[in-house]
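Notes for the structure review
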Amino acid sequence: MFSHYLLNYQKIMKDVIELIKERDYRKILKWATALTDEERYKYLEQLKTLDVDTEIIKEPRPEKYNRAYYDNRALVDSTRSFMQICCLRSSKDLRLTAPEWNKSWSLLHYYIQKPLFGVEPLIEYFKIFRPDYLDKIIKDISAGRESNNDFQMLWQLYKNGFIDFDEEIFVRSLFIIPMFNRDTMKDVRFLSETPEAVGKVLLQFYKYEIPILDISKWQAKKEYVCKKCFEYWEEVFRELLEANLITDRAIVRNLLSTLTYSWKKGHLDWHIRMLKLFNPTKEEYLANQDYLYAALYSTNSTVGNFVVSTAQSLYKEKDFDAEAFIQGIPNLLNKEKSDKAILTALDIVSYLLDNTPAYRKYTDIPAGALVQPNDKIQEKVALMLVKYADKKDLKEIVEPFAAALKQKALDILGIDKGDVEGIQTVALENYPLSYPSGWEDFLFHIGKTLGSLEPSDIDIMYESLIQMQDTMPDDYQSQLKPYTKKLEKASSEKELLLYIAELFDNWLHPEKSFKTHPSFWNNRNNPNPFMRHRNKWVLSKLRRNVKLPLLSSPSHYPFYVHPSILVSRLSEYERAGEAVEIEDLIVACNRILKTDISDKTGKEAKELKGYYAKAIHYLLGLTDKIDLDDKTLPLWAAITRTTDANGIFNEFEATQIKDYPVAVNPFRISYTIERDYSKSGEYHWDRLILEDNWSYSYNRNKKKGSYPSLYFYTAHNGMEFYSKTGMLYWLSLVPHYCDAVLLRYLPDTASGNEVAEFEYCLYPLQFLIENQIRVHHNGWLYIALCLIFEKKVSRELAAEYINMAFDLDFIDKEFLSENIAYMIMNMFAPVNRLIEYFDQPYPDHIREFQLSILKKCIEKADKKSLPTNFKKITAYYVEICNQLKIEIDNQIGTRMKELKK
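Residues numbered from 1 in each chain as written. Predicted model: local features only at pLDDT ≥ 70, side-chain atom pairs only at ≥ 80, totals over all residues. Heavy atoms only, no water.

Considerations on the overall build of the chain
What counts, and what does not: The numbering of helices and of strands both runs from the N terminus, where a helix is a DSSP run of H or I of at least 4 residues and a strand a run of E of at least 2. Contacts are assigned to residue pairs with any non-hydrogen atoms lying within 4.5 Å of each other. Shrake-Rupley sampling with a 1.4 Å probe provides the accessible areas, and residues are treated as covered by the protein chains on show and by no other component.
Tallying secondary structure elements over the chain gives 47 helices and four strands in all. For the C-alpha atoms alone, the extent of the chain along its principal axes is close to 100 × 95 × 55 Å. In the chain, of all internal contacts separated by at least 6 residues, the share reaching a separation of at least 24 is 69%. Per element, the accessible surface of the chain, about 43600 Å² overall, is 48% carbon and sulfur.

So this is what it looks like as structure tokens:
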């Protein structure tokens, strides 16, 4: 029976295979029109299973890549697809060609995207079997950001009346460049032969934020390239313009109209490049000044620079709209990276004020540029104000900017800088935290926790679950379903949800043994020991109906445990005869709220009998004796460093942890800055490499220290946390000494980082500021790096943290300034990033600190390898000396002269 089936199959498919090999679509259409419904479905199934390699090509695949072979294979496969499409007659039939993983797609979707067998065959097929489902298919294909219809196919479907014209779909289908599937000169030829498509589609691109910033691969005029897609279209437009095939000059006004859009900077930058490609005449710009100067209100600095450079060629013309230009420049004057444009704009305004007295009513407008730290800008504005402003108004005009002015501008204006008042940091209030008061409150808190993943919210949720045991309603499991459904979707991006999901799963569906969350089954997601162990402690309490609190559950904002509450909890455990988990106790001690203890608390603490009693006495200041044993060693290691961040504890020298980085001495780690080159030698990266590769630089193989999980201040063993929430939660476990943890997340470069490294220099820093967590020793290295990191928000936060450290009096000025200067002078980051820190107005005590950084930079300078823009360092040293009204240090002055020679 099988042999009969095989012979029948071979007979059926012989003619089909011959048709595929011939690739004559007319013969295929003739074959398709003769099929009965039964035959159509039979052939459709047989074509699905037809093996292109063994039954049609019948050649072994080449060992090395052979483009001709694979091009031919793709064409054979496309021919087979076309034959399958020829077996379809309705939208219901489409489902028969849908892949298992996407039942809403079909073979026709794929063919319209990539019609290798040709556009004409499908058009001719639709002329015989007219479709009523194409508009939906076209919209389906266009729904994805990067998916698109083949434009020539789309155009022919439209011209033959099979689909409606949808401008956006057509524009996107033309402009999206899929990998390996486009050729600039083929598009040029098609558009040359189809002028209607040029006006109706090509020149409408300005309306849509199409993904021209993506990178793709295509055949360019001269070679095969991998570039950003806007370069594809620049070549196409250039060819069409050279052939005089684009004559509609409305494109100039249309492109100018887009420059105020809130699109990505790169997209608007491309529109400016396109404008330059269309080469507008002076007359065209003058005719469109309304849109041109409206673009001055754009937040994009490139747009502002373009408008000013264009105005520079127009401002002496008779029809120049001076008032529109002057009224628009205030929006330019406060932009960053626009120094050249601002100087040019000021020159234009100065010319207008000189030559047209009526415009002098706008004299105060240039004053807005005084926010710029650039010396030339400040001096030019100052000279303009002295020349044109009424003397009685001058002080009032300049006053808002006086604090930011440099000495030369102040001298020109004849005014004093005045005192700069910093914003004083208000000490954090450690108020008592509130816990849910009932079941409804608890449900609300679960929802809040799953959304925020704030450390205190998580810990309150865990503690509340223990305390709610006797008050849960009978249908508590059904009430928890909305939350468990959300937890089922938890991913490693928010891995704290994975631990919560693990807790709920083991609680609501108990088995004999603890069930590990599936996401922790591979090595990529190593578990946080504390979170994993706490899940087990809580589950044990629930099984045994024990309501004793977790020792580490916070009592005071943001996540601290009050001494009296810790002692009270320990006493409860002792009275109940319940064992104290040492890890829970260590975290509680790490989180101790540093405050005076009452006599009552001291007396209750002295009555403690557990193995931890002496350590707790030391923590609370009831004794200064360190009494070590093997069981309490991790506890003592935490308590001593919590008690005295600067302490040297020689007691640990005789123990197994004598070499642990935080046990005997404070955490101090050396580092070097090394330059890595690409294989070609064309590119290089300056990397900060910590001793023992503490921050796990990917291209270093130095020994990675590994320490038992109970030694929290030695930091977690490796990069277990890839998300913002994981990092921040671990910081909440070590708030009194987070230096070693911070440096686990220290990027090894200050430029060219990826998302994870951007987060390392953002979220932990925000967390330190919001919770006023102090760094002590090498923690200042983290602050130094953030101050010169590539993301401006990190630099601003680092400056804010330094201000806070001054206000709360824990700044290590010497060590911090030493690290900043060392990084800059070893070219770890550009000088301009540091200069940005000096550009803002600061009170004198911050200026003195900044002066110490500049002094160290000058002292470390090597004349043979000065960093780019080093002269800005010496200029600012002089400037700050002038601001503080102090003499230049003789040695530094001599050094600066030597470096200039």
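That covers the picture; the talk isn't over yet.
Notes on the packing of helix α15 (residues 250-257) against helix α16 (residues 265-278)
Put simply, the test is: Between N-to-C directions, angles span 0 to 180 degrees; the directions come from axes that are lines fitted to C-alpha atoms, helices contributing only their stretch in contact. Oblique is the label for any angle not under 35 degrees, not over 145, and not in the 65 to 115 range, which are roughly parallel, roughly antiparallel and roughly perpendicular in turn. With the far helix as reference, a near helix turned anticlockwise by less than a right angle produces a left-handed crossing, and one turned clockwise produces a right-handed crossing. Under this grouping Gly is polar, as are all residues other than the nonpolar Ala, Val, Leu, Ile, Met, Phe, Trp, Tyr, Cys and Pro and the charged Asp, Glu, Lys and Arg.
Following both chains from N to C, one finds α15 and α16 inclined at 160°, their axes separated by 10 Å at the closest point. Classed by the angle they form, the pair α15 and α16 counts as roughly antiparallel. Here the hand of the crossing between α15 and α16 comes out left-handed. Contacts between α15 and α16 pair Ile 251, Val 252, Leu 255 and Leu 256 from the former with His 271, Met 274, Leu 275 and Phe 278 from the latter. Its residues assigned to classes, the contact of α15 with α16 comprises seven nonpolar, one polar and no charged.

Some thoughts on a nonpolar patch on the surface
The test is simple: For patch detection, residues must exceed 30% relative accessible area and be free of salt bridges, and they are connected within 9 Å for like charges or within 5 Å for nonpolar side chains (Val, Leu, Ile, Met, Phe, Trp, Tyr). Salt-bridge detection follows one rule: a side-chain nitrogen of Lys or Arg within 4 Å of a carboxyl oxygen of Asp or Glu.
On the surface, Met 179, Phe 180 and Tyr 224 cluster together to form a nonpolar patch covering roughly 310 Å² of accessible area. The residue Phe 180 is located in the loop between α11 (167-175) and α12 (184-193) in this model.

Some details on the packing of helix α37 (residues 724-732) against helix α40 (residues 763-770)
The contact between α37 and α40 brings their axes to 9 Å, and the two run at 40°. Every pair of crossing elements has a handedness; the one defined by α37 and α40 is right-handed. Along its contact with α37, which presents Lys 724, Met 727, Leu 728, Leu 731 and Ser 732, the element α40 presents Tyr 763, Pro 764 and Phe 767. Partitioning the contact of α37 with α40 into residue classes produces six nonpolar, one polar and one charged.

Describing the confidence of the model for the chain
When pLDDT is low, close inspection of the predicted coordinates is not appropriate. Our working definition: As a per-residue quantity, pLDDT reports the predictor's confidence and falls between 0 and 100.
In the predicted model, the chain carries a mean pLDDT of 90, and 95% of its residues have values of at least 70. Looking across the chain, the model is least confident in helix α1 (residues 2-22), with a mean pLDDT of 66, and most confident in helix α32 (residues 563-576), with 98. Throughout residues 1-7 the model reports pLDDT below 50, and contacts reaching past four residues in sequence, or to other chains, amount to one contact.

Observations regarding the packing of aromatic side chains
Using the following cut-off: Geometry of aromatic contacts follows a simple scheme: Phe, Tyr and Trp rings, the Trp one being its six-membered ring, pair when their centres are within 6.5 Å, and the pair is stacked under 30 degrees between planes, edge-to-face over 60, tilted otherwise. A ring is scored as having a charge over it whenever the NZ atom of a lysine or the CZ atom of an arginine sits within 6 Å of its centre and within 35 degrees of its normal.
Applying the stated criterion across every chain, the model contains 55 aromatic pairs. When the centroid spacing of 4.9 Å and the interplanar angle of 75° are considered together, the rings of Tyr 261 and Trp 263 count as edge-to-face. Through pairs of rings, three or more aromatic residues link up here, namely Phe 175, Phe 205, Trp 218, Tyr 232, Trp 233, Phe 237, Trp 270 and Phe 278. When the ring centre of Phe 129 is taken as reference, the NZ or CZ atom of Arg 89 above it lies at 3.7 Å. It is Arg 744 that lies over the ring of Trp 694; its NZ or CZ is 3.6 Å from the centre.

Let's talk about helix α47 (residues 890-900)
Definition in use: For every residue, the accessible area (1.4 Å probe, protein chains only) is compared with the maximum for its type, and the residue is labelled buried under 20%, exposed over 50%, or partly exposed between those bounds. The directions from the helix axis to the C-beta atoms form the arc being described. Within 3.5 Å is the distance limit for a polar contact, defined as a pair of N or O atoms, with the added protein rule that one can donate a hydrogen and the other accept it, and that residues adjacent in sequence qualify only through two side-chain atoms.
Restricting attention to buried positions, one finds in α47 the residues Ile 892, Gly 893, Met 896 and Leu 899. One side of α47 holds all its buried residues, which, seen down the axis, span an arc of 125°. Summarising the geometry of α47, the exposed residues directed more than 90 degrees from the buried face are Asn 890, Gln 891 and Lys 897. Buried residues along α47 sit against α45 (844-860) and α46 (870-884). The opening residue of α47 is Asp 889, an N-cap whose side-chain oxygen sits 2.9 Å from the backbone nitrogen of Gln 891.

A closer look at the environment of Arg 675
Tracing the chain through its elements places Arg 675 in strand β3 (residues 671-677). Relative accessible area serves as the criterion here: at 36%, Arg 675 is assigned to the partly exposed category. Separated by 13 residues in the primary sequence, Arg 675 and Leu 688 have C-alpha atoms spaced 8.9 Å apart. Residues in contact with Arg 675, not counting those within four places in the same chain, are His 684, Trp 685, Asp 686 and Met 827.

Focus on unusual backbone geometry
Along the chain, Tyr 557 connects to Pro 558 via a cis peptide bond; the corresponding omega equals -5°. With respect to the secondary-structure elements, Pro 558 resides in the loop between α31 (529-544) and α32. Positioned with a positive phi, Leu 453 is a non-glycine residue whose angle comes to about 55°. Along the polypeptide, Leu 453 turns up in the loop between α26 (439-452) and α27 (455-467). Located in the positive-phi region is Asp 809, a residue other than glycine, with phi close to 60°. Relative to the helices and strands, Asp 809 resides in the loop between α42 (792-807) and α43 (813-825).

What to know about the environment of Tyr 158
You can see Tyr 158 is positioned in helix α10 (residues 151-159). Taking the C-alpha atoms as reference points, Tyr 158 and Phe 170, 12 residues apart in sequence, are found 9.9 Å from one another. Those residues in contact with Tyr 158 that lie beyond four places of it in its chain are Ile 163, Asp 164, Phe 165, Phe 170, Glu 196 and Lys 200.

Some points on the side chain of Arg 591
Among the secondary structure elements, Arg 591 is positioned in the loop between α33 (582-590) and α34 (599-606). Residue Arg 591 is classed as buried on the basis of its relative accessible area, which comes to 0%. When near neighbours in sequence (up to four residues on either side) are disregarded, Arg 591 contacts Asp 459, Ser 552, Pro 554, Phe 559, Tyr 560, Val 561, Tyr 729, Ser 732, Leu 733, Pro 735 and His 736.

Considering the pairing of β3
What counts, and what does not: Any two strands between which DSSP finds at least two bridges are classified as paired.
Inspection of the sheet shows β3 paired to strand β4 (residues 684-690) by seven bridges, in the antiparallel sense. Each bridged residue has a counterpart across the sheet, and for Ile 673 the counterpart in β4 is Leu 688. Counting the residues that bridge the hairpin from β3 to β4 gives six residues, and of these Gly 681 lies at a positive phi of roughly 80°.

Thoughts on the pattern of salt bridges
Throughout the structure, instances matching the rule amount to 48 salt bridges. Ionic pairing is found between Asp 347 and Lys 380, a salt bridge with its closest N-O pair at 2.8 Å. Of this pair, Asp 347 sits in helix α22 (residues 339-355) while Lys 380 sits in helix α23 (residues 375-388), and the two are 33 residues apart along the sequence. For Lys 380, a relative accessible area of 26% gives the class partly exposed. Among the charged side chains, a network of salt bridges with common partners joins Glu 814, Glu 818, Lys 856 and Lys 860.

Re a positive patch on the surface
Note the following rule: We count Lys and Arg on the positive side and Asp and Glu on the negative side, and we leave His and both chain ends out. To locate a charge, the coordinates of NZ of Lys, CZ of Arg, CG of Asp or CD of Glu are taken.
Together, Lys 863, Lys 897, Lys 900 and Lys 901 line one region of the surface with positive charge. With respect to the element layout, Lys 901 can be found in the segment after α47. The exposure class of Lys 901 is exposed, given its relative accessible area of 71%.

Focus on the state of the cysteines
Applied cut-off: Cysteine sulfur atoms are paired as a disulfide whenever they fall within 2.5 Å.
A complete count under the given rule lists zero disulfides for this structure. With no disulfide of its own, Cys 786 lies 3.8 Å from the sulfur of Cys 761, the closest cysteine sulfur. Judged by relative accessible area, Cys 786 falls into the buried class, the value being 0%.

A word on α43
Keep this limit in mind: Residue count minus one, scaled by 1.5 Å, sets the expected span of a helix.
Over its 13 residues, α43 runs 18 Å from end to end, which matches the ideal 18 Å to within 8%, given 1.5 Å per residue. Along α43, the residues classified as buried are Leu 816, Ser 817, Asn 819, Ile 820, Ala 821, Met 823, Ile 824 and Met 825. At the C-terminal side of α43, Met 827 shows a positive phi close to 60°.

Some points on the environment of Leu 816
Among the structural elements, Leu 816 can be located in helix α43. Each C-alpha atom of the pair Leu 816 and Ala 645 lies 17 Å from the other, and the pair is 171 residues apart in sequence.

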